[in-house]
Amino acid sequence: MNIILVSNSMARTRSIPLPLGLLVIGLLSALPALLLWVLIVPQGTHQHKGAPASMHFASAGEQAHIDALAQQLGEIEAKVLRLDALGARLSSLAGVKASDADALPPGRGGPMVDARTMSEDELKQRIQALTQSIDLNSDKLSVLEASLLQQRLKASTLPSTMPTDVAYNSSSYGWRVDPFSGKVAFHEGLDFVADSGTPVYASAAGVVTAAEQTPDYGRIVKINHGSGLETRYAHASQLLVKAGERVERGQLIARVGSTGRSTGAHLHFEVRLNGAALDPRKYLQSAN
Ligand SMILES: [Zn+2]
């Protein structure tokens, strides 16, 4: 049995086998509410266009509300885009053919609610519920992705060894306020706060593809583990390997520092599959 997923915003369809479909369908059932927002926010700001001068215009206070809601909407849209990318990767891991999906007719509308009958409190509640639902589904999908990957790859190539001997900051991966811009952004790595000079180890065996300095990551080591899997170790004070070098699981490769875009000494650790950031916690946990 297959479940056909229809992405309203992009008019694309995918066919995903159960139980993947069951997880994703919960998320997509929330999409009509999101689309509703896409529609009503611009309406709210332009509904008086062309109206007589005597008509009511939004006060500064109302405008601030609309701006705040629009910002929340932008954050939700960014989350949905990431989920869309995660869904595409899961389809690929599950072996779903793109041609099957392309043959299906696009765009099926869900039930719509009349936006004008909703109070501002109701609207806020719906945004909050939608945000929580997306967060929950993101986590479920990440777990599923890790499980699919673990089944597919050899245990030796999975980045399951802790890259340092200190505990990680569990809330560091995911959506958070960026300490530099002050805006909500997706933080694609796991941060390990440790003293400068603390040893950094390869999380799995592989080949070093870069040991260099960049403006954002500072001194960074990138290791290719095969099958599109890569780990990154950033903000180092010292690099102890070179590009092209083969490394073993647990090998000392660098030392913790605060180079690049960093607010203090820590290791920024990323796990990427074909360039897309994965949740490192799902892989490190598998070692226990
Ligand atoms: Zn970081």
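Our structure's up above, just so we're on the same page.
The structure presented is a predicted model; accordingly, all values stated were derived computationally and were not measured.

Participant: What am I meant to see in the overall build of the chain here?
Facilitator: Secondary structure assignment for the chain yields six helices and 14 strands. A buried classification covers 40% of the 288 residues belonging to the chain. The contacts of the chain with a sequence gap of at least 6 include a subset with a gap of at least 24, amounting to 68%. For the chain, the accessible area works out to roughly 14800 Å², and carbon and sulfur atoms hold 55% of it.

Participant: Looking at this structure, how should I read the pattern of salt bridges?
Facilitator: The full count for this structure, using the stated rule, is twelve salt bridges. Measuring nitrogen to oxygen at the nearest pair gives 3.5 Å for the salt bridge that ties D191 to R176. Remark: R176 occurs in strand β3 (residues 174-177) and D191 occurs in strand β5 (residues 190-193); sequence separation between them is 15 residues. A residue is classified by how much of its surface remains accessible, and D191, at 8% relative accessible area, is buried. With a relative accessible area of 25%, R176 lands in the partly exposed category. Across the pair K282 and D279 runs a salt bridge whose closest N-O atoms are separated by 2.9 Å. One continuous salt-bridge network, built from bridges that share partners, spans R82, E188, E230, R232, E270 and R272.

Participant: Please explain the coordination of the zinc ion as it appears in this structure.
Facilitator: Think of it this way: four donors in a tetrahedron around the metal ideally sit 109.5 degrees apart, and six in an octahedron ideally sit 90 or 180 degrees apart. Those donors, H187 (NE2), D191 (OD) and H268 (ND1), are the protein atoms that reach the zinc ion, and they lie 2.0 to 2.2 Å from it. Binding-site remark: the zinc ion is held by donors from one chain whose sequence spacing is H-x3-D-x76-H. Here H187 is found in strand β4 (residues 184-187), whereas its partner H268 is found in strand β13 (residues 266-273), with 81 residues between them in sequence. What makes H187 buried here is its relative accessible area of 12%.

Participant: So what exactly am I meant to see when it comes to the packing of aromatic side chains here?
Facilitator: By convention here, two paired aromatic rings are described through the distance between centres and the angle between planes. Within the structure shown, the criterion is met by five aromatic pairs. For the ring pair Y173 and F186, a centre distance of 5.3 Å and an interplane angle of 90° mean the geometry is edge-to-face. Of the two residues, Y173 is situated in the loop between α5 (120-152) and β3 and F186 in strand β4; the sequence distance between them amounts to 13 residues. Given a relative accessible area of 12%, Y173 falls into the buried group. F186 gets classed as partly exposed once you look at its relative accessible area, which sits at 21%. Seen in terms of ring centroids, W175 and F186 are 5.3 Å apart; in terms of plane orientation they differ by 85°. Their pairing is edge-to-face. Of this pair, W175 sits in strand β3 while F186 sits in strand β4, placing them eleven residues apart in sequence. With relative accessibility at 28%, the residue W175 sits in the partly exposed group. What links up through ring pairs into an aromatic cluster is the set Y168, F192, Y233 and F269. We note R82 situated over the ring of F186; from NZ or CZ to the ring centre the distance is 3.5 Å.

Participant: What is the right way to read the side chain of R232 from this model?
Facilitator: Relative to the helices and strands, R232 is located in strand β9 (residues 229-236). A relative accessible area of 13% means that R232 is categorised as buried. Here E230 takes part through its side chain, which lies 2.7 Å from a polar atom of the side chain of R232. Once residues within four sequence positions are removed from consideration, R232 is found in contact with Y217, I220, V221, K222, H268, F269, E270 and R272.

The rules behind these values
Residues numbered from 1 in each chain as written. Predicted model: local features only at pLDDT ≥ 70, side-chain atom pairs only at ≥ 80, totals over all residues. Heavy atoms only, no water. Helix = DSSP H or I, 4+ residues; strand = E, 2+ residues; numbered from the N terminus. Buried < 20%, exposed > 50% of the residue type's maximum accessible area, 1.4 Å probe, protein only. Contact = heavy atoms within 4.5 Å. Areas by Shrake-Rupley, 256 points an atom, 1.4 Å probe, with all protein chains shown as cover. Salt bridge = Lys/Arg side-chain N within 4 Å of Asp/Glu carboxyl O. Donors = N, O, S within 2.8 Å, 3.2 Å for Na, K, Ca; no water. Phe/Tyr/Trp six-rings, centres within 6.5 Å; stacked < 30°, edge-to-face > 60°. Lys NZ or Arg CZ within 6 Å of the ring centre and 35° of its normal. Polar contact = N/O pair within 3.5 Å; in protein donor to acceptor, adjacent residues only side chain to side chain.

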